[in-house]
Amino acid sequence: MKHSEIFELFKESLNKIGISDFSGLFFEPPKSDEFGDLTTNIAFKLSKELKKSPKEIATEIISHISTENSTIASMNIAGAGFINLFLSDDYYFNKYNDLIDKGDDLGKSNIGENKKVNVEYVSANPTGLLHPGHGRNAAIGDSLANIFSWCGYDVTREYYFNNSGNQMNNLAKSIYARYMQQTVDKDFPFPEDGYHGEYIREIANELIEKYSNTLVENNEDNLSICRKFGEEWNFGKIKSTLEKLNVQHDVFYNEDSLYSEGKISNLLSELKEKELSYEKDGAVWMSFSKIGLKDDRVIVKSSGEPTYRLPDIAYHREKFRRGFDILIDIFGSDHIATIPDVLAGVSALGFDKDKVKV
């Protein structure tokens with residue numbers, strides 16, 4: 001244990017007896033309070049070098065340290081050469097003042113040196129409410145973000161979501177079905193792959209309050225209203241739950257922007273140029289077998305719909321491009337199969353996959 005003021009006093013004393021290497025100088029509490037507040041065995045460590053007994057060396061060391069300073073009240077030599085120190089009341093008084101002065105910064109450090117860290121967590125899509133699994137990941141992610149921030153890193157707390165694709169279409173159809181059942185047709189069929197939670201009825205009831213029965217015609221405009229209303233309703237509930245947990249994200253990154261901003265098509269072009277993708281059976285496959293994995297995987301289905309691997313690789317590429325030194329992903333277990341593929345993908349694109357911590 002190093003106590004800075006005491007360490008400096010002993011360094012000065014050791015210099016005076018010809019010692020310039022202080023790597024062996026440590027202090028620790030003695031086994032019994034009667035031997036003081038701190039003790040050091042430095043005299044034993046120097047005995048061979050100085051060709052003197054530890055007791056002689058200990059005597060020389062303390063002869064060069066004044067107890068008139070505000071740190072040490074008294075010192076003595078115990079046994080064959082242990083130096084015992086009794087700290088002054090002023091020393092403790094000053095330490096308590098230091099603690100008070102630090103206030104809420106007590107314990108903070110700057111070991112992170114402002115390195116940029118991205119922590120992505122929760123990341124539930126706006127198709128429903130948060131469940132306990134999301135709560136677990138919120139606690140883990142936010143705690144990690146707090147620790148990194150506390151240690152001097154520049155932390156970005158990020159939430160990645162997707163409000164496009166088939167899942168949102170299913171949300172719209174589910175809401176529309178409940179809307180119809182509660183307005184004009186109680187036997188209106190519910191979609192096979194719809195969302196069955198009670199919250200869908202709540203959304204439908206609020207739609208009825210706002211639109212009455214003006215949405216009964218089954219057309220794209222009305223489904224679009226159901227979809228947008230459901231997305232905003234779900235996201236409002238998600239954010240409200242997170243606020244109750246005191247979890248606040250800096251960035252909400254929409255997966256759909258990877259498509260609208262051309263980042264997916266750009267990635268597909270780059271993979272093709274690097275001969276890391278090919279077409280087979282109407283689908284686009286990524287040559288994972290070329291970059292250290294066992295099997296190639298489909299990244300765009302024959303229907304034209306991308307698999308999760310493609311946007312996940314594109315998203316991580318964007319995080320690297322945004323200049324983060326460390327990328328931390330807090331995932332649900334359903335992502336476990338895609339993790340090796342995403343890491344291999346970003347590595348093949350020239351990024352350091354070791355910066356990604358899953």
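Going along each chain's sequence as written, the residues are numbered from 1 onward. Predicted model: local features are reported for residues with pLDDT of at least 70 only, side-chain atom pairs are reported and counted for 80 or more only, and whole-chain, interface and lining totals are derived from all residues. Side-chain metrics in this entry use all non-hydrogen atoms of the structure; hydrogen atoms and water are not considered.

Some details on the side chain of Arg-178
Among the structural elements, Arg-178 can be located in helix 6 (residues 166–181). Only protein chains enter the accessibility calculation, which uses a 1.4 Å probe. A residue is then buried if its area is under 20% of the maximum for its type, exposed if over 50%, and partly exposed in between. Counted as positive: Lys and Arg. Counted as negative: Asp and Glu. His and the chain ends are not counted at all. Each salt bridge in this description consists of a side-chain nitrogen of Lys or Arg and a carboxyl oxygen of Asp or Glu lying within 4 Å of one another. Lacking a salt bridge, the buried Arg-178 has Glu-198 as its closest oppositely charged neighbour, with an N-O distance of 7.1 Å. In terms of polar contacts, Arg-178 uses its side chain to reach the side chain of Gln-181, at 2.9 Å. Any two residues whose heavy atoms approach within 4.5 Å are treated as being in contact. Non-local contacts of Arg-178, meaning those with residues more than four positions away in its chain, are made with Phe-190, His-196, Ile-200, Arg-201 and Ala-204. Secondary structure is summarised from DSSP: a helix means a run of H or I of at least four residues, a strand means a run of E of at least two, and numbering begins at the N terminus for each. Between N or O atoms, a polar contact is any pair within 3.5 Å; within protein, one atom must be a potential hydrogen donor and the other a potential acceptor, and residues adjacent in sequence are included only when both atoms are from side chains.

Some remarks on the sheet that holds strand 6 (residues 251–254)
A pair of strands is treated as paired once DSSP finds two or more bridges between them. Strand order in this open sheet of 5 strands is 6-5-4-10-11, and the pairing throughout is parallel. Looking at which strands have only one partner, the edges of the open sheet turn out to be strand 6 and strand 11 (356–357). Sitting on the sheet, helix 11 (residues 309–321) touches strand 4 (116–120), strand 5 (154–161), strand 6, strand 10 (326–329) and strand 11, and the angle it makes with strand 10 is about 145°. Axis definition: a line fit to C-alpha positions, over the contact stretch in the case of helices; interaxial angles, taken between N-to-C directions, run 0 to 180 degrees.

Here's the deal with the packing of aromatic side chains
Any two rings among Phe, Tyr and Trp, with Trp reduced to its six-membered ring, count as a pair given centres within 6.5 Å; such a pair is stacked if its planes are under 30 degrees apart, edge-to-face if over 60, and tilted if neither. With the rule as written, the count across this model stands at 17 aromatic pairs. Ring centres of Tyr-199 and Trp-233 lie 6.5 Å apart, and the angle between their planes is 15°; this geometry places the pair in the stacked category. Here Trp-233 lies in helix 8 (residues 220–244) and Tyr-199 lies in helix 7 (residues 198–211), a separation of 34 residues in the sequence. The burial state of Tyr-199 is the same as that of Trp-233; both residues are buried. Between Phe-320 and Phe-351, the ring centres sit 5.0 Å apart and the planes meet at 15°, which makes this aromatic pair stacked. Within this pair, whereas Phe-320 is found in helix 11, its partner Phe-351 is found in the loop between helix 12 (339–348) and strand 11, the two being separated by 31 residues in sequence. Accessibility expressed as a relative area gives 10% for Phe-320, which makes it buried. By way of ring pairs, the aromatic residues Tyr-159, Phe-161, Phe-235 and Phe-252 are connected into one cluster. By definition, being over a ring means that NZ of Lys or CZ of Arg is both within 6 Å of the ring centre and within 35 degrees of the ring normal. Geometry around Phe-324 places Lys-116 over its ring, the cationic atom sitting 5.0 Å from the centre. In this structure, Lys-239 is placed above the aromatic ring of Phe-252, and the distance from its NZ or CZ to the ring centre is 4.6 Å.

Overview of the pairing of strand 2 (residues 72–78)
Bridge analysis of strand 2 against strand 3 (residues 82–87) gives 6 bridges, and the strand direction is antiparallel. What sits directly across from Ile-77, in strand 3, is Ile-83. The antiparallel hairpin formed by strand 2 and strand 3 contains 3 residues in its connecting segment, where Gly-79 sits at a positive phi of about 60°.

Observations regarding a nonpolar patch on the surface
On the surface, a nonpolar cluster with roughly 390 Å² of combined accessible area is contributed by Tyr-92, Tyr-96, Leu-99 and Leu-106. Within the secondary structure layout, Leu-99 lies in helix 4 (residues 89–102). Patches here are clusters of residues that have more than 30% relative accessible area and form no salt bridge, with a 9 Å joining cutoff for like charges and a 5 Å cutoff for nonpolar side chains (Val, Leu, Ile, Met, Phe, Trp, Tyr). Areas reported as accessible are Shrake-Rupley estimates using a 1.4 Å probe. Residue values count occlusion only from the protein chains shown.

Section: the pairing of strand 3
In this structure, strand 1 (residues 38–40) lies alongside strand 3, joined through 3 bridges in antiparallel fashion. Paired with Thr-40 across the strands is Ile-83, a residue of strand 3.

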